[in-house]
Amino acid sequence: QVQLVESGGGLVQAGGSLRLSCAASGSTFIINTMGWYRQAPGRQRELVATISRGGSTNYADSVKGRFTISRDNAKNTVYLQMNSLKPEDTAVYSCNAEAFLNRVYWGQGTQVTVSS
């Protein structure tokens, strides 16, 4: 089993920055890809960014150039640096870990609110 705990959400003005962290614990050796997803009220959950164990990254077009995902394998932690935030980035951001045997784990989510 893998447990994921996010931190770093909050309220920020448009144009500001936040950094989210997601710490994994438990059987972390089985984790391959980690990522961030978000869900705004009334909308479906969408991918924000992912990063493989080797460091390959993937971003949603809406966040390219503004968000950066990184990973510290020694600390079993993934980060999401969010710059130039926009009101449309407001959502609950959830950490995701994909592991061997197609197991998927989710964190509890952290609220990010961007005011205009």
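Scroll up to find the structure.
Along every chain, residues carry numbers that run from 1 in the direction the sequence is written. Selection of residues for local features in this predicted model requires a pLDDT of at least 70, selection of side-chain atom pairs for listing and counting requires 80 or more, and totals for whole chains, interfaces and linings are taken over all residues. As a rule here, side-chain values come from all non-hydrogen atoms in the structure, and water together with hydrogens is ignored.

Asks: How would you sum up the packing of aromatic side chains? Please name residues and give values.
Replies: We call Phe, Tyr and Trp rings a pair once their centres come within 6.5 Å, taking the six-membered ring for Trp, and we label the pair stacked below 30 degrees between planes, edge-to-face above 60, and tilted otherwise. Across all of its chains, the model carries one aromatic pair by this definition. On the numbers, 5.1 Å between centres and 70 degrees between planes, the contact of Y37 with W106 is edge-to-face. Taken together, the residues span a long stretch of sequence, with Y37 in strand β4 (residues 31-39) and W106 in strand β10 (residues 103-106) at a distance of 69 residues. Its relative accessible area of 15% is what places Y37 among the buried residues. Under the relative-accessibility criterion, W106 is labelled partly exposed at 33%. Only DSSP runs of H or I reaching four residues or more are called helices, and only runs of E reaching two or more are called strands; each is numbered from the N terminus. Accessibility here uses a 1.4 Å probe with only protein chains present; expressed as a share of the type maximum, an area under 20% marks a residue as buried, one over 50% as exposed, and anything in between as partly exposed.

Asks: Tell me what's going on with the state of the cysteines, and back it up with residues and numbers.
Replies: Every disulfide links exactly two cysteines, by a covalent bond between their sulfur atoms. When two cysteine sulfur atoms are found within 2.5 Å, that pair is recorded as a disulfide. Scanning the model with the defined rule gives one disulfide in all. Each sulfur of the disulfide joining C22 and C95 lies 2.0 Å from the other. Handedness here is read from the sign of the S-S torsion; for C22 and C95, about -85 degrees, the answer is left-handed. Taken together, the residues C22 in strand β3 (residues 18-26) and C95 in strand β9 (residues 91-99) connect sequence positions 73 residues apart.

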